[in-house]
Amino acid sequence: MGIITLTTDFGLRDWFVGTMKGVILGIAPQAQIIDITHDIAPGDVRAGAFALAAAARFFPRGTVHVAVVDPGVGSDRSAIVVQTRDGLFVGPDNAVLSLAVAGATSVRVHRLEDKRWFLKSVSQTFHGRDVFAPVAAHLSNGVSVARIGPRTDEMQRLEFPEPSCVRNRWTGCVVYIDRFGNAITNLPADLPIFRTATWVHVRVRNSKSGIPVCSFYEAVRKGRPVAVVGSSGFLEIAVNGGNAATALRLAVGDPVVLAPRRRD
Amino acid sequence: MGIITLTTDFGLRDWFVGTMKGVILGIAPQAQIIDITHDIAPGDVRAGAFALAAAARFFPRGTVHVAVVDPGVGSDRSAIVVQTRDGLFVGPDNAVLSLAVAGATSVRVHRLEDKRWFLKSVSQTFHGRDVFAPVAAHLSNGVSVARIGPRTDEMQRLEFPEPSCVRNRWTGCVVYIDRFGNAITNLPADLPIFRTATWVHVRVRNSKSGIPVCSFYEAVRKGRPVAVVGSSGFLEIAVNGGNAATALRLAVGDPVVLAPRRRD
Amino acid sequence: MGIITLTTDFGLRDWFVGTMKGVILGIAPQAQIIDITHDIAPGDVRAGAFALAAAARFFPRGTVHVAVVDPGVGSDRSAIVVQTRDGLFVGPDNAVLSLAVAGATSVRVHRLEDKRWFLKSVSQTFHGRDVFAPVAAHLSNGVSVARIGPRTDEMQRLEFPEPSCVRNRWTGCVVYIDRFGNAITNLPADLPIFRTATWVHVRVRNSKSGIPVCSFYEAVRKGRPVAVVGSSGFLEIAVNGGNAATALRLAVGDPVVLAPRRRD
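Residues numbered from 1 in each chain as written. Chains lettered and ligands numbered in written order. Predicted model: local features only at pLDDT ≥ 70, side-chain atom pairs only at ≥ 80, totals over all residues. Heavy atoms only, no water.

Let us look at the interface of chain C and chain A. Each side of the interface is counted separately: chain C has 33 residues, and chain A has 32 residues. Summed over both sides, the interface between chain C and chain A buries roughly 2,600 Å², with carbon and sulfur atoms accounting for 62% of that surface. Of all residues in chain C, the largest losses of buried area upon contact with chain A belong to Arg13, Trp15 and Thr125 of chain C, amounting jointly to 29% of the total for that side. At the boundary of chain C with chain A, the tally comes to 10 residue pairs in polar contact (both at pLDDT 80 or more). Looking at the side of chain C that touches chain A element by element, the count peaks at 8 residues for helix α1 (residues 16-27) of chain C. Taken together, the residues of the side of chain C that touches chain A break down into 14 nonpolar, 13 polar and 6 charged. (Contact = heavy atoms within 4.5 Å. Buried area = accessible area lost by both parts, 1.4 Å probe. Polar contact = N/O pair within 3.5 Å; in protein donor to acceptor, adjacent residues only side chain to side chain. Helix = DSSP H or I, 4+ residues; strand = E, 2+ residues; numbered from the N terminus. Nonpolar A, V, L, I, M, F, W, Y, C, P; charged D, E, K, R; others polar.)

What follows is the structure, encoded as structure tokens:
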């Protein structure tokens, strides 16, 4: 019983996601279909790529991951399947798959071109249903990527911004804001500063003073900002019991500076 | 392993949908339960009927579809199961099932009256849990519609508005607005005008000029309106990278006129 | 094939819920995972407890229920599994499980302390993924609560407010407002007043006159308030075709008075 995950910007208000599942079960009746999320902002390829990458590494080996954030549907953008040791990743070739496969060592990319794996009639606007769902179902049934389509050496990739360091002072940025208003940064948990400095804090544009880096949200008083190494493995800026993005007016791309601080 | 789909206006905020699934799995442990949508606007039978019809035709034969948009719950409205060659459709007899079975040739309608297929205690307000979920589970287990309840010749039906034509000028209307703000019309892909005219465009109340009919969204510049034959098989009015319903102030019922245009 | 339910405040916008499911399926590939809801307001333990209690009793015996509304994650709050005759309940020991097990006669509580049942690396902020999902999966695989962790006699409990009665006049309060704006009270269907009085009505702060208690919503005209015994087994205040919480400005905790009324 293979697992197929879905990450899209289709929302749950209409019938789009349910229809994809009908197509999958018509081809692979034993598939276990799991939603990662369908609430990616319409066309936000970067957020879709981030969500897929954050979730995919917790799925069993062999899972087929489908990501459809696809503003170019119907144009001449390619569609691909990427095979790694961990699983298969199916979607448009617009970088939405790229963060999930960024760290993989043995990556094979194949293009979805062979219509025998698609629905008979392919619309111009809903390749999630007509192309990606049936291809994922056939892959889940054991069809090899080599049969699905020709191999290619190219795929679109997002650059994940790397933090920079000058004299133990790290500059990164906000890369995602979650539903709680926590601002996830690109500053990973394994930066040397976390080992060498006992007290560290971060500064953002709208914080009057440094925000302490602590082990958990409730280490500060209710309503106070705090930075913690979050579940994604990166430093997150939160407000205990509140919404950091609103309180500190944080947005994706905002700079975040991490430095040691003197104990008061 | 039978498939049971759910289409409701219960939303996902409360425990209503999860509870229906608990009831189903208590009776049919092998059922595969798939959500079409639960975000139909409260009581909007027409939108529920449209969503179910759009999704159901992509599910395997034999699927049991449950639709509960049921403002009359607890009153004397009937409850029915409709059997077609494609599957079984369970819900209140208020036309929510009617678009999904509109094209079917061999349709049998049975009334849900026999309490042995319901939960022991039936509330006045939640027949989704107490009537429709258990009936769907028993049907999925192989109980025949004849055993579920007496046959009837009647069911409530929605009239799907038909477009009209005067001298190769088609007048239809908006029938659904999706989460992207695309306005789906009742103008189908197989109108003769699409074969006879090379260039066609549509007019709506708030568009200053005709909206070109193209093959895909990105055929026009970002922010510009475009009409495409959408995944539902009908002409849709969209804005490339934007929200047509907001930009053009479109609402369900708005007239849409489709006509040939001269090449500029 | 065991059932595992999920009740959280994680929302569906991010990858959190999907990630929990990946962890579960990695340990218990045959598990059937059912969402109760993920739209509990962030940190609203009382609403989470109410939703879980309302849904859990409709699931088959042996179901594993996971509830993660956990504002104290990473602090020193305990994590527990509660075993009753009906099923297993896994979550933080902050009372989110307490309403679901309130009526159970044989309750055993065990603490989650043994790291062998957790993910290898446990974050400070996402025990849903790192602790509760894997523990639930192991329980679903048949691991006993005794092996999961040491027994304890204590667990945090919410007090469910009890209505009071003075001379056949019952005073209760609003305990939950659902997505339709219906205000669910703590006045149960089996109060003696419902048997002894033919006509009863309720009063709330912002209702000009008494609200009639009827059998179903449509017993009053569109737009008029009505009280019905709802699907949860408690009296609910609704507006036929409308939103009672908005129309009557009702909030959780508001007093509700139920009394006989003279027939006009």
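Time to look at the relation of the copies chain B and chain C. For these two chains of identical sequence, chain B goes onto chain C by a turn of 120° and a shift of 0.0 Å along the axis, with RMSD 0.0 Å. Accordingly, the operation relating the two chain copies is best matched by a three-fold axis. Scanning chain B for the C-alpha nearest the rotation axis identifies glutamine 32 of chain B, at a separation of 5.2 Å. Comparing interface residues between copies, only 9% of those in chain B also lie at the interface in chain C; the contact surfaces differ. (Least-squares fit on C-alpha atoms with pLDDT ≥ 70 in both.)

Glancing now at the environment of arginine 195 of chain C. With respect to the element layout, arginine 195 of chain C can be found in helix α5 (residues 193-196). Residue arginine 195 of chain C is classed as exposed on the basis of its relative accessible area of 65%. (Buried < 20%, exposed > 50% of the residue type's maximum accessible area, 1.4 Å probe, protein only.)

Let's shift gears to the packing of helix α1 (residues 16-27) of chain B against helix α3 (residues 127-140) of chain B. Residue and element names in this part refer to chain B. The interhelical angle for the contact between α1 and α3, taken along N-to-C directions, is 35°, at an axis separation of 8 Å. Where α1 crosses over α3, the two elements pack in a sense that is right-handed. Along its contact with α1, which presents Thr19, Met20, Val23, Ile24 and Ile27, the element α3 presents Gly128, Arg129, Ala133, Pro134, Ala137 and His138. (Axes fitted to C-alpha atoms, helices over the stretch in contact; angles between N-to-C directions. Left-handed = near helix turned anticlockwise from the far one by under 90°.)

In this section: the relation of the copies chain C and chain A. Both copies of the chain are tied together by a single rotation about an axis and a shift running along it. For the pair chain C and chain A, the relating rotation is 120°, the translation along its axis is 0.0 Å, and the fit reaches an RMSD of 0.0 Å. Both copies present different contact surfaces, since only 9% of the interface residues of chain C are interface residues in chain A too.

The next thing to look at is the sheet that holds strand β2 (residues 32-37) of chain C. As summarised here, the arrangement of the 7 strands in space is β2-β1-β3-β5-β4-β6-β7 (chain C), forming an open sheet in which the pairing is mixed. Two strands close off the open sheet at either side, each with one partner strand: β2 and β7 (151-152) of chain C. Two elements, strand β4 (residues 79-83) of chain C and strand β6 (residues 108-111) of chain C, share 4 bridges in a ladder whose sense is antiparallel. Considered in β6 of chain C, the bridge of glutamine 83 of chain C is made with arginine 108 of chain C. Its contacts with the sheet place α1 of chain B against β1 (3-8) and β2 of chain C, and it is angled at close to 145° to β2 of chain C. (Pairing = 2+ DSSP bridges.)

By the element assignment, valine 229 of chain B lies in strand β13 (residues 225-229). With relative accessibility at 28%, the residue valine 229 of chain B sits in the partly exposed group. When neighbours within four sequence positions are excluded, valine 229 of chain B is seen to be in contact with Thr125 of chain A together with Ala189, Cys214, Phe234 and Leu235 of chain B.

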